[in-house]
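Below are the chains, spelled out letter by letter.
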Protein chains: 2
Amino acid sequence: MKRVPRISETEWEVMRAVWAGHPATSAEIVARLAADDPTWHPKTARTLLARLVEKGALASEADGRAFRYRPLFAEAECVAAASDSFLDRVFGGALKPMLAHFVEHQDLSPAEIKELEELLARRKRRR
Amino acid sequence: MKRVPRISETEWEVMRAVWAGHPATSAEIVARLAADDPTWHPKTARTLLARLVEKGALASEADGRAFRYRPLFAEAECVAAASDSFLDRVFGGALKPMLAHFVEHQDLSPAEIKELEELLARRKRRR
DNA sequence: CAGTCAGGACTACAAGTGTAGGTCACATGT
DNA sequence: ACATGTGACCTACACTTGTAGTCCTGACTG
């Protein structure tokens, strides 16, 4: 399995727009990005799409006048890679303090807490 | 409260070395970094220290021949800032999927699981 | 005192990032 | 067929990051 390329902050937004439904033309992707944040400039988005293709994160196939883009890595793979790097960088690799931080400092609804408890319980049973 | 400056990947290592005990001279910091990873070049470490001072992440006070460095932000503040940005970038701000990801994909000892369950329970009681 | 070494100040430099602008060709409306 | 607009392709450019090297000076060592 090829290594996930390094994806920068802004590129992540683009990747998420692609994962949201693919293959997608640049126009579609630009529209999704703008929907989320109107300050997105189409030129910027297209530049990033091109860079992501160069990096091997996306594939593009010509479709008449336009291109359609498709991710070359599943979101889950990229998430895992980014998570590892974050965990390492910020928490020195210590998982529990990290989870504790989020549980302590962010908002979780009671329903979400319940779900997490169930996840932990299942986790435990699985050894 | 001033905004936490943006701290890059490598700079995080330096910051953690400073948080590990301060004020600390550059020699001490260089030593801590090298202890963790012998490939650290002293020059590189000093450059990063200077950059962090420029960025306003560290303060330096002359102490005879050398400088002593001191963090201008608590580790917790920086951790919180980095965590927010990570959560946003990679999970689009969705906390629960993020926690679920880590619980699912990383190693947790039974003891750690227990601690997290307690945290969640306390969390719930606190409303 | 002369050589040596450590540390700060400045410099270097390529790759990666954020943020577009300009050009050119094809598709489309009139 | 002509004017327009849109997308691909190339170009730009300043800033950040990683990774040091050079130079100078004061301190320490014989």
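Residues numbered from 1 in each chain as written. Chains lettered and ligands numbered in written order. Predicted model: local features only at pLDDT ≥ 70, side-chain atom pairs only at ≥ 80, totals over all residues. Heavy atoms only, no water.

### Structural notes on the protein's contact with DNA strand C
- Around DNA strand C sit 17 residues, and of these Ser8(A), Thr10(A), Lys43(A), Thr47(A) and Arg46(B) come closest.
- The sugar-phosphate portion of DNA strand C accounts for 58% of its atoms within 4 Å of the protein, the bases making up the rest.
- At a separation of 2.7 Å, a phosphate oxygen of DNA strand C approaches a polar side-chain atom of Ser8(A).
- Between DNA strand C and the protein, one listed contact pairs a phosphate oxygen with a backbone N or O atom of Phe67(B) at 3.2 Å.
- Those elements that provide at least two residues to the surface near DNA strand C are helix H1 (9-19) and helix H3 (42-55) of chain A together with helix H2 (26-36), helix H3 (42-55) and strand E3 (66-71) of chain B.
- Residue contributions to the surface near DNA strand C peak at 5 residues, all from H3(A).
- Each residue belonging to the surface near DNA strand C can be placed in one class, and the counts come to 3 nonpolar, 6 polar and 8 charged. (Near = heavy atom within 4 Å. Polar contact = N/O pair within 3.5 Å; in protein donor to acceptor, adjacent residues only side chain to side chain. Helix = DSSP H or I, 4+ residues; strand = E, 2+ residues; numbered from the N terminus. Nonpolar A, V, L, I, M, F, W, Y, C, P; charged D, E, K, R; others polar.)

### Some words on the pattern of salt bridges
Residues and elements named next belong to chain A.
- Evaluated as defined, the whole model comprises 16 salt bridges over all chains.
- For lysine 114, the salt bridge is made with glutamate 118, and the minimal N-O distance between the two is 3.9 Å. Note that lysine 114 and glutamate 118 are positioned in helix H6 (residues 110-125) at a spacing of 4 residues, about one turn of the helix.
- According to the relative accessible area criterion, glutamate 118 is partly exposed, its value standing at 41%. (Salt bridge = Lys/Arg side-chain N within 4 Å of Asp/Glu carboxyl O. Buried < 20%, exposed > 50% of the residue type's maximum accessible area, 1.4 Å probe, protein only.)

### What about the relation of the copies chain A and chain B?
- You can overlay chain A on chain B at an RMSD of 0.1 Å; the transform is a turn of 179° with a shift of 0.0 Å along its axis. Taken together, the rotation angle and the small translation identify this as a two-fold axis.
- A share of 100% of the interface residues of chain A reappears at the interface of chain B, consistent with the copies meeting face to face through the same patch. (Least-squares fit on C-alpha atoms with pLDDT ≥ 70 in both. Contact = heavy atoms within 4.5 Å.)

### Let's talk about empty space enclosed by the protein
- The final tally for this structure, using the stated rule, is 1 cavity of 30 Å³ or more.
- Taken as a whole, the largest cavity spans an internal volume of roughly 70 Å³.
- For the largest cavity, the full set of lining residues is Leu99(A), Val103(A), Leu116(A), Leu120(A), Leu99(B), Val103(B), Leu116(B) and Leu120(B).
- Mapped by element, the contributors of at least two residues to the lining of the largest cavity are helix H5 (95-105) and H6 of chain A together with helix H5 (95-105) and helix H6 (110-125) of chain B. (1 Å grid on protein atoms, 1.4 Å probe; cavity = no way out; pocket = protein on both sides within 12 Å on 5 of 7 lines; lining within 4 Å. Points joined across faces, edges and corners; volume = space filled by probe spheres on them.)

### A closer look at the domain arrangement of chain A
Residue and element names in this part refer to chain A.
- Under the domain assignment used here, chain A contains domain 1 (1-93) and domain 2 (94-127).
- Using only C-alpha atoms to locate each centre, domain 1 and domain 2 end up separated by 28 Å.
- With 5 residues of domain 1 at the interface, the matching set in domain 2 holds 6 residues.
- Taking both sides of the interface into account, the surface hidden between domain 1 and domain 2 amounts to around 430 Å²; carbon and sulfur atoms contribute 77%.
- Together, Phe86, Leu87 and Phe91 form the three largest contributors to the area buried by domain 1 at its contact with domain 2, with a combined 84%.
- The interface formed by domain 1 and domain 2 holds 0 salt bridges in total. (Domains from an automatic or database assignment. Buried area = accessible area lost by both parts, 1.4 Å probe.)

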